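Listed below are the residues making up each chain.
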Amino acid sequence: MKKTLTNKVIWLIVSILVSISLPAGILMIILGFGLKGFLWMGILGIVFVVHGFYGVTFYWMQFGKVSKYHRIVKMIEKQHYYNAGEIAEATHIGRDFVNRTIRTAIERDWITGYKFDGNNLTLNENVPLKKEKTATRDFVCSYCGAKILNLSAGTLKCPNCGAKLENEDGLKEKKQ
């Protein structure tokens, strides 16, 4: 959620600065071309006016889009909404946009630990994969009689007496 909040704040600041650049550019044009030696200020004012005039709608639209992203992620993280339909209904945002936002949020690590099936978010309870075990057999240590579960070939150690047992020497197969 911090990532979406950071994006939201950045877009807000940029949008405000671009909005301010329009009237500031007009003032710079007047002063730059009106005073001797400040031609550079007039030219910079033209750049500000053009950028502010054409860019202001783009930046505010991006801020609105990022705000929706943040709102959806916040609903998942803080308010525990896990159904795309419920999120869409509660936010009055289209279901398709909510689905795309959830997929994007998972891809960009805005939310972690969830799986999304297109409708519901579920906790991702993946367990680390373990090495595949070889065939197991029960053995009895020849020295102390302790039961040993043979998981792999090689050097074995008796859990009871600590005797090193090379391969299957010193072991008797337990009769069932």
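Just so it is clear, the structure is predicted and the values come from calculations on it, not from any experiment.

## Let's talk about the nonpolar core
Ranked by internal contacts, the top residues of the largest apolar core, which has 18 residues, are Ile72, Ile76, Ile87, Val98, Ile102, Ile111 and Leu121. When residues of this core are traced back to their parent elements, those giving at least two are α2 (39–77), α3 (84–91), α4 (95–107) and β1 (114–116). No other element matches α2, which puts five residues into this core.

## A look at the confidence of the model for the chain
Per-residue pLDDT for the chain has a mean of 81; in total, 80% of the residues score no lower than 70. Taken together, the stretch residues 172–176 has pLDDT below 50 and engages in 11 contacts with residues farther than four places along the chain or on a different chain.

## Re the environment of Met41
Relative to the elements of secondary structure, Met41 occurs in helix α2. Met41 gets classed as buried once you look at its relative accessible area, which sits at 18%. With residues near it in sequence (within four places) discarded, Met41 still touches Met28, Leu31 and Gly32.

## Overview of the packing of aromatic side chains
Following the criterion strictly, the structure yields nine aromatic pairs and no others. Geometrically, the ring pair formed by Phe53 and Tyr54 is edge-to-face, given 5.0 Å between the ring centres and 90° between the ring planes. You can call Tyr54 exposed: its relative accessible area is 61%. Between Tyr82 and Tyr114 the ring centres are 5.8 Å apart and the planes differ by 40°, which places this aromatic pair in the tilted class.

## With respect to α4
Here α4 is 13 residues long and its end C-alpha atoms lie 18 Å apart, about the 18 Å a rise of 1.5 Å per residue gives. When α4 is considered as a whole, its buried residues turn out to be Phe97, Val98, Asn99, Thr101, Ile102, Thr104 and Ala105. Of the surrounding secondary structure, the elements contacted by the buried residues of α4 are α2, α3, β1 and β2 (121–123). Backbone geometry just downstream of α4 places Asp109 in the positive-phi region, at approximately 60°.

## Side note on the packing of α2 against α4
Contact geometry for α2 and α4: axes closest at 10 Å, N-to-C directions at 75°. The pairing of α2 with α4 is recorded here as roughly perpendicular in orientation. Between α2 and α4, the residues in contact are Lys65, Lys68, Tyr69, Ile72, Val73 and Ile76 and Phe97, Val98, Thr101, Ile102 and Ala105, respectively. When grouped by side-chain class, the residues that make up the contact of α2 with α4 number eight nonpolar, one polar and two charged.

Here is what the cut-offs are and how they apply
Residues numbered from 1 in each chain as written. Predicted model: local features only at pLDDT ≥ 70, side-chain atom pairs only at ≥ 80, totals over all residues. Heavy atoms only, no water. Core = buried A, V, L, I, M, F, W, Y, C linked by side-chain atoms within 4.5 Å. Buried < 20%, exposed > 50% of the residue type's maximum accessible area, 1.4 Å probe, protein only. Helix = DSSP H or I, 4+ residues; strand = E, 2+ residues; numbered from the N terminus. pLDDT = per-residue confidence, 0-100. Contact = heavy atoms within 4.5 Å. Phe/Tyr/Trp six-rings, centres within 6.5 Å; stacked < 30°, edge-to-face > 60°. Expected span 1.5 Å × (residues − 1). Axes fitted to C-alpha atoms, helices over the stretch in contact; angles between N-to-C directions. Parallel < 35°, antiparallel > 145°, perpendicular 65-115°, else oblique. Nonpolar A, V, L, I, M, F, W, Y, C, P; charged D, E, K, R; others polar.

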